[in-house]
Amino acid sequence: AVVSTQSRSRYYFGEIYHLLSCSDRCSNAECLKSPIAAGKSCSNQRQEKIYTLQGDGRITLVRPAEGEWFTIDRTFICENHNCIPYGKVCDLVDDCGDGSDEKGCVNHFDCNPGSNMSLEYIPLSSVGDGTYDCVNLRDEMTRCTDDVISGTFLKVSCWVIGMMSVVLNSVVLFRGGISLSRVKSSSALLDRALIMMIGLGDLLVGGYLLCIAAVDVSYRDSFCGRQYEWLLSWKCVALGVISTVGSQVSLFSMTVLSVFRKRSIAKGLLCPGDRANKRAYVKVMAITGGIILLSTLLAVIPLLQRFEDVFGNAIYYPDVDFIKGFYRKLDFAPLIVEYYGRTRLDVTLFSWGSLRRLTQNMFTTRDHLESHVVSFYSSDPVCLFKYFVDWDDPQRPYTITMLMLNFVCFVLISVSYVAVNRFTVQSSS
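Throughout this document, residue positions are counted from 1 along each chain, in the order its sequence is written. The model is predicted, so local features are restricted to residues of pLDDT at least 70 and side-chain atom pairs to those at 80 or more, both for listing and for counting; the totals for chains, interfaces and linings are taken over all residues. Heavy atoms from the whole structure form the basis of all side-chain values; hydrogens and water molecules are not counted.

Enquirer: Any chance you could explain the side chain of Thr-255 here in plain terms?
Expert: Each helix is a run of DSSP H or I of at least 4 residues and each strand a run of E of at least 2, with the numbering of both proceeding from the N terminus. Its place among the elements puts Thr-255 in helix α5 (residues 234-266). Accessibility expressed as a relative area gives 7% for Thr-255, which makes it buried. The contact criterion used is simple: two residues touch if any of their non-hydrogen atoms lie within 4.5 Å. Leaving out residues up to four positions away in the same chain, Thr-255 has contacts with Cys-409, Leu-412 and Ile-413. For each residue, the accessible area found with a 1.4 Å probe, counting protein chains only, is set against the maximum for its type, and the residue is called buried under 20%, exposed over 50%, and partly exposed in between.

This is the structure in structure tokens:
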């Protein structure tokens, strides 16, 4: 129930909620008073007895006469025919067992609307306060959307660009593969192979776009409540690797192709040079294989167990109620201080393994707590490589290295094609 004052609104629960709502003192709450309960209407009470509490604190059992039933006006009848005191109605707890004592209440936020399996309620004042209170993070909707891809324009673009990229680059690879066997010069062989490599990289990126668009459809209007299912899955990680490998293969191949063409023009190799012999094929395989290997290595380094403390974004405990959402290292500080009594503690220096052991030691009756470290690609619903992170993030040296490497590639491509264009203009004149 909400009672509005001149300065703020206050939320009430349980018996006070019932009293205020039924006396028309709440601005937006209906009275949830149920029919007067008879002894035989409550399946969770002994049918032949009615329990009453005397003023002196003693409990008296009253047996009704044959064919008669006492009635009680202080009992709420649940939909499953259990009975509870009105003090337990609208108190954020499923006391009935079917959630009927919390239905129609306006003082709480339902973390799992429409679900009969997992009933979880929090005060309205806890919604959007910057702290995750619902296990599925639904209370912080400003940071949790119900779509993997936001906006109709981006959704349509993913489908259109993805399909075009897959179809057109498949054609490029098919035709390139056929013509590759007909190439007679080593320079033409390398040129054709690098063009196919660019097509391969773009094909991987197109496949990523189609996959992420399909994921968006499968999680439509339900991603916020199921985000852990997706972010912690191998599919999200795989898509992140595929998109990174594809973009790097395209960029590295374009760089090598640009430099090769500039070098060929500088040497005057405008006409076919050496024949495409076995040595030429080995050279092409070494260059293309090196590009694929380097791109794959850059994409999977953040996933190696050895670098977990650098690239691990957070940790998630699915079975621990008081550790909700993705817990970063700083989030563990008050928890460890409260339990172990260590006031001077820099948890950022702890490894994820150490934090898991400290958390495990808090539970003496459970031998193993299920936990998941949130990987490098799992910090965003679209599972992309993170190029921009906070200044104090341990991932920053790696992301800066990647940015600098890509920047150098763009510079080489630009310089090479400027030189090619200049030579073309001079040749024409």
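There is more to say after this.
Enquirer: Help me understand a positive patch on the surface in this model?
Expert: Residues enter patches when their relative accessible area tops 30% and they take part in no salt bridge; the joining distance is 9 Å for like charges and 5 Å for the nonpolar side chains Val, Leu, Ile, Met, Phe, Trp and Tyr. Shrake-Rupley sampling with a 1.4 Å probe provides the accessible areas, and residues are treated as covered by the protein chains on show and by no other component. Any carboxyl oxygen of Asp or Glu that lies within 4 Å of a side-chain nitrogen of Lys or Arg is treated as forming a salt bridge with it. When charges are counted, Lys and Arg contribute as positive and Asp and Glu as negative, whereas His and the chain ends are disregarded. A charge is said to be at NZ when it belongs to Lys, at CZ for Arg, at CG for Asp and at CD for Glu. On the surface, a cluster of positive charge is contributed by Arg-263, Lys-267, Arg-279 and Lys-283. On the basis of relative accessibility, which here comes to 45%, the residue Arg-263 falls in the partly exposed class.

Enquirer: Could you clarify how one ought to interpret the packing of aromatic side chains in this entry?
Expert: Here the distance between the centres and the angle between the planes together describe a pair of aromatic rings. Pairing of aromatic rings covers Phe, Tyr and Trp, the last through its six-membered ring, and needs centres within 6.5 Å; plane angles under 30 degrees mean stacked, over 60 mean edge-to-face, and all others mean tilted. One pass over the structure, following the stated rule, counts 10 aromatic pairs. Plain terms: the ring middles of Phe-311 and Phe-376 are 5.5 Å apart, the flat faces sit at 90° to each other, and that makes the pair edge-to-face. Taken together, the positions of Phe-311 in helix α7 (residues 308-311) and Phe-376 in the loop between β12 (372-374) and α10 (396-428) put the pair 65 residues apart, joining distant regions of the chain. Neither residue differs from the other here; Phe-311 and Phe-376 are each classed as buried. Here the aromatic cluster, defined as three or more aromatic residues joined through ring pairs, consists of Phe-307, Phe-311, Phe-376, Tyr-377, Phe-385, Tyr-387 and Tyr-398.

Enquirer: Please clarify how the nonpolar core should be interpreted in this entry.
Expert: Burial of nonpolar side chains together is a common tendency in soluble globular proteins. In plain words, nonpolar cores are sets of buried Ala, Val, Leu, Ile, Met, Phe, Trp, Tyr and Cys residues tied together by side-chain atoms within 4.5 Å. Residues Val-241, Ile-291, Tyr-377, Phe-385 and Tyr-398 are the most contacted members of the largest nonpolar core, which totals 29 residues. Of all elements in the fold, only α3 (186-218), α5, α6 (278-300) and α10 reach the threshold of two or more residues within this core. For this core, the element with the most residues is α5, which contributes eight residues. Setting aside residues no more than four positions away along its own chain, Val-241 makes contact with Ala-299, Val-300, Leu-303 and Tyr-377. Cys-158, Tyr-208, Ile-212 and Tyr-228 belong to the second largest nonpolar core, which has 21 residues in total.

Enquirer: I tried to follow the packing of α5 against α6 on my own but got confused; where do I start?
Expert: How two helices pack is summed up by the angle between their axes together with the distance between the axes. α6 packs onto α5 with a crossing angle of 140° between their chain directions and a minimal axis gap of 8 Å. Judged by the angle between their axes, α5 and α6 are oblique. Considering how the two elements wind past one another, α5 and α6 form a crossing that is right-handed. Every residue of α6 that contacts α5 at Val-241, Thr-244, Val-245, Gln-248, Val-249, Phe-252, Ser-253 and Val-256 is listed here: Ile-287, Ile-291, Ile-292, Leu-294, Ser-295, Thr-296, Leu-298, Ala-299 and Val-300. A class-by-class count of the residues in the contact of α5 with α6 yields 12 nonpolar, five polar and no charged. For helices, the fitted line uses only the C-alpha atoms of the stretch in contact; every axis is such a line through C-alpha atoms, and the angle between N-to-C directions lies from 0 to 180 degrees. For classification, angles of less than 35 degrees are called roughly parallel, those exceeding 145 degrees roughly antiparallel, those between 65 and 115 degrees roughly perpendicular, and all remaining angles oblique. Each helix crossing is assigned a hand: it is left-handed if the near helix lies turned anticlockwise from the far helix by less than a right angle, otherwise right-handed if that turn is clockwise. Basically, the charged four are Asp, Glu, Lys and Arg, the nonpolar ten are Ala, Val, Leu, Ile, Met, Phe, Trp, Tyr, Cys and Pro, and anything else, Gly included, counts as polar.

Enquirer: Looking at this structure, how should I read the packing of helix α8 (residues 329-340) against helix α9 (residues 352-360)?
Expert: Put simply, α8 and α9 touch, their axes get as near as 11 Å, and they point 35° apart. Crossing hand, α8 versus α9: left-handed. Listed contacts from α9 to Lys-329, Phe-332, Ile-336 and Tyr-340 of α8 are Trp-352, Leu-355, Leu-358 and Thr-359. Residue composition of the contact of α8 with α9, by class: six nonpolar, one polar and one charged.

Enquirer: Even after reading the chapter, I still don't get the pattern of salt bridges, so can you show me in this structure?
Expert: Side chains that differ in charge, positive against negative, can pair when their charged atoms come close. Applying the stated criterion across every chain, the model contains five salt bridges. The residue Lys-155 makes a salt bridge to Asp-216 at a minimum N-O spacing of 2.8 Å. Pair noted here: Lys-155 is in helix α2 (residues 152-180) and Asp-216 is in helix α3, with a separation of 61 residues, a long-range link. On the basis of relative accessibility, which here comes to 5%, the residue Asp-216 falls in the buried class. Across the salt bridge formed by Arg-356 and Glu-308, the nearest N and O atoms sit 3.5 Å from each other. Taken as a pair, Arg-356 in helix α9 and Glu-308 in helix α7 lie far apart in primary sequence, 48 residues in all.

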